[in-house]
Amino acid sequence: MAKKQFKTESKQLLNLMINSIYTHREIFLREIISNASDAIDKLLYKSITEPDVPVSREDLKISVSIDKDARTITVSDNGIGMSKEDLDTNLGVIAHSGSSEFKKGIESNDVDIIGQFGVGFYSAFLVSDKVTVRTKAYGSDQAYQWTSEGSDGYSIKECEKDSWGTDVIMHIREDNEEEDYSEYLSSYMIEDLIKKYSDYVRWPIHMMLEKGAMEETGEKDENGEPKKEWRTHVEDTVVNSMVPIWQRPKKDVSDDDCKAFYKEKFHDFEDPVSVIRVNAEGAVSYKAMLFVPKVAPYNFYSRDFEPGLQLYSSGVLIMDKCKDVLPDCFRFVRGIVDSPDISLNISREMLQHDRQLQMIKSNLEKKIKAELSRLLKDDRESYEAFYKSFGPQLKYGVVDGFGANAELLKDLIMLHSYDMDKLVTFKEYVEAMPNGQDRIYYASADSIARAKQLPQNEQIREKGYDILLMSEEVDDFMIRTLRSYEEKQFCDVTGSDLGLETEEEKKESDAKEESEKETLDFIKDALGDKVEKVRLSRKLKSHAVCLTTDGEISLEMEKYFASVPGTDMGDIPKAKRVLEINADHPIYQVLKDTIANDKEKAKTMAEVMYGQALLIAGMPIDDVLDYSDKVFGLF
Ligand code: ADP
Ligand code: MG
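Predicted, not measured: the structure shown is a model, and the values here were computed from it.

1. What to know about the packing of helix α19 (residues 586-597) against helix α20 (residues 599-616)
In a packed pair of helices, the relevant descriptors are the angle between the two axes and the axis-to-axis distance.
Here is step 1 of the chain: The geometry of α19 relative to α20 is characterised by a closest axis approach of 6 Å and an angle of 150° between their N-to-C directions. By the angle between their axes, α19 is roughly antiparallel relative to α20. Between α19 and α20 lies a crossing of left-handed hand. Seen from α19, the contacting residues are Ile 587, Val 590, Leu 591, Thr 594, Ile 595 and Asn 597; seen from α20, they are Lys 599, Lys 601, Ala 602, Met 605, Ala 606 and Met 609.

If you want it as structure tokens, here you go:
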């Protein structure tokens, strides 16, 4: 029978694994057992959802046996089994562990990354030179046998098997100078590995283990006492404790155990920044083990990402990604909720309205918030790593639902401080405010560096006030949703009123503005409806011009609207532009003189000044060629 080839990627991986000195060979058993456990879960799930599948929970089990003479380890389960097609698709390609990091590992031959991941079924080849899978799908009459000796391919043929389920038979390699493979043929070793890696598997893992005891032989010794001797027998033993890690008391599970569990279960290769454990009793009882990842999955900010927690009812998986227990603003959290109060065969529609779930959700919201706050306080470095990945999500969370979660999230937000040149919270900003400052200033541009350079910052910096620098699209929307923090109003440095002048100063400026009315009107006329207003700047110190806005929409928001694909430019909401001119700048006098002598040229100057203001604000100039001609026309 012709051999089928593995998909290219699988082949690469197999070669890599077989030919490299692999430090974590022993994980193969964990992988094969976890597949067996998944297969049983699937069968049980089928029996719950399809009433005509009679499966009794007590019979479901995994067995591990060793044949020293044949040099094989066999892992058997009575789970869902595989059809011929299943064998072909599931064991012919590494589709399932295929995260992007993992693939990178293969491309760069980085054994370490692969080692951290676990490689699923293929890990059997770490210790075997041949793997045979005998399997019968539940409800089918025909069993099939899959065989492979490694990277040169596999074959499938019909075979005999009494009942449904799967046997994975691993033919252990011969020892060589570097590696002792025979140690895996010892029951002690295998028992240890099961305890180490698969203890929490919910299904019993059986092994025939040798037990010994001093037993009476039936004879008497010289003193007339019953004679005893050491006798051994083989006993069917359940090796694992079967208590899932999240069900075990906190004191029995180390932080490292939790992290290792997280990485394996959720296919992450980084430790989580936090592990949250909840053991709630009361109106609704549940246990939860939640993880705050450090790195966002590659598809986190796309539609493909499916948030949710694994939902169990007394250890039985009900749903893989249940959204209804996880607050959407914390959608990056992974983990498990297990509650005996949730009925096993509850439908998805009903889950949404389930009161118990709602309670769990609001409870978890508090726990997650508390943990993130703690992290921010006690472990800034980890929080910043987390924030780098998920900060934008927290900001969207503030904006979502017209600010419904703003209160919850606002103290988790950080922005870049001009003064301190690092990320700060609003609280930290406010605490550092000098006497007399009553607003929170922010500058927004397409990068932090540009935001820092905005000419509008000058007056604020001169006062000695800090400015929050922002560069993400969502930032402006977030600030506008919040409006204020601890009664301190947020104030856009490009807004028209920075609230910096005393009544006295205001009067003075107003008077000055009035006296320059003629010049300002001339510029306004020259620019027409390109700008809403032209006024003397109160915030510019050394720069000549800047653009500010009146009203709700800022320039950054306008840019954002314009960037949304498929938007009709005629339809986008526009910021009301105000051109501010610095009367103390030499160019102002030049302009005034030109107005007196050459109105046409002065008009061009006004247009060029506006163009410069647009450039400084990072806004596009409509007709670049025309603009360039105007600039050269001035020389
Ligand atoms: P993963 O477990 O992450 O999906 P694996 O490489 O471990 O990836 O397994 C690949 C697939 O092979 C599984 O998703 C499953 O469909 C199938 N499989 C492996 N072992 C078994 C088994 N004992 N019973 C039924 N299906 C299995
Ligand atoms: Mg697996």
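2. A short note on the sheet that holds strand β16 (residues 439-444)
Here is step 1 of the chain: Spatial strand order, β15-β14-β17-β16-β19-β18: six strands in an open sheet with mixed pairing. Looking at which strands have only one partner, the edges of the open sheet turn out to be β15 (423-425) and β18 (484-485).
Here is step 2 of the chain: By the bridge criterion, two bridges tie β18 to strand β19 (residues 488-492) in an arrangement that is antiparallel. The residue of β19 that forms the bridge with Tyr 485 is Lys 488.

3. Here we look at the environment of Asp 354
Here is step 1 of the chain: On the secondary structure map, Asp 354 appears in the loop between α8 (348-353) and α9 (355-378).
Here is step 2 of the chain: The sequence separation of Asp 354 and Ala 445 amounts to 91 residues, and the corresponding C-alpha distance is 45 Å.

4. Some thoughts on the environment of Gly 308
Here is step 1 of the chain: For Gly 308, the location among the structural elements is in the loop between β10 (286-292) and β11 (309-313).
Here is step 2 of the chain: What makes Gly 308 buried here is its relative accessible area of 10%.
Here is step 3 of the chain: Distance from Gly 308 to Arg 134, taken between C-alpha atoms, is 35 Å for residues 174 residues apart in sequence.
Here is step 4 of the chain: With residues near it in sequence (within four places) discarded, Gly 308 still touches Lys 321, Cys 322, Lys 323, Leu 326 and Val 333.

Rules behind the numbers
Residues numbered from 1 in each chain as written. Chains lettered and ligands numbered in written order. Predicted model: local features only at pLDDT ≥ 70, side-chain atom pairs only at ≥ 80, totals over all residues. Heavy atoms only, no water. Axes fitted to C-alpha atoms, helices over the stretch in contact; angles between N-to-C directions. Helix = DSSP H or I, 4+ residues; strand = E, 2+ residues; numbered from the N terminus. Parallel < 35°, antiparallel > 145°, perpendicular 65-115°, else oblique. Left-handed = near helix turned anticlockwise from the far one by under 90°. Contact = heavy atoms within 4.5 Å. Pairing = 2+ DSSP bridges. Buried < 20%, exposed > 50% of the residue type's maximum accessible area, 1.4 Å probe, protein only.

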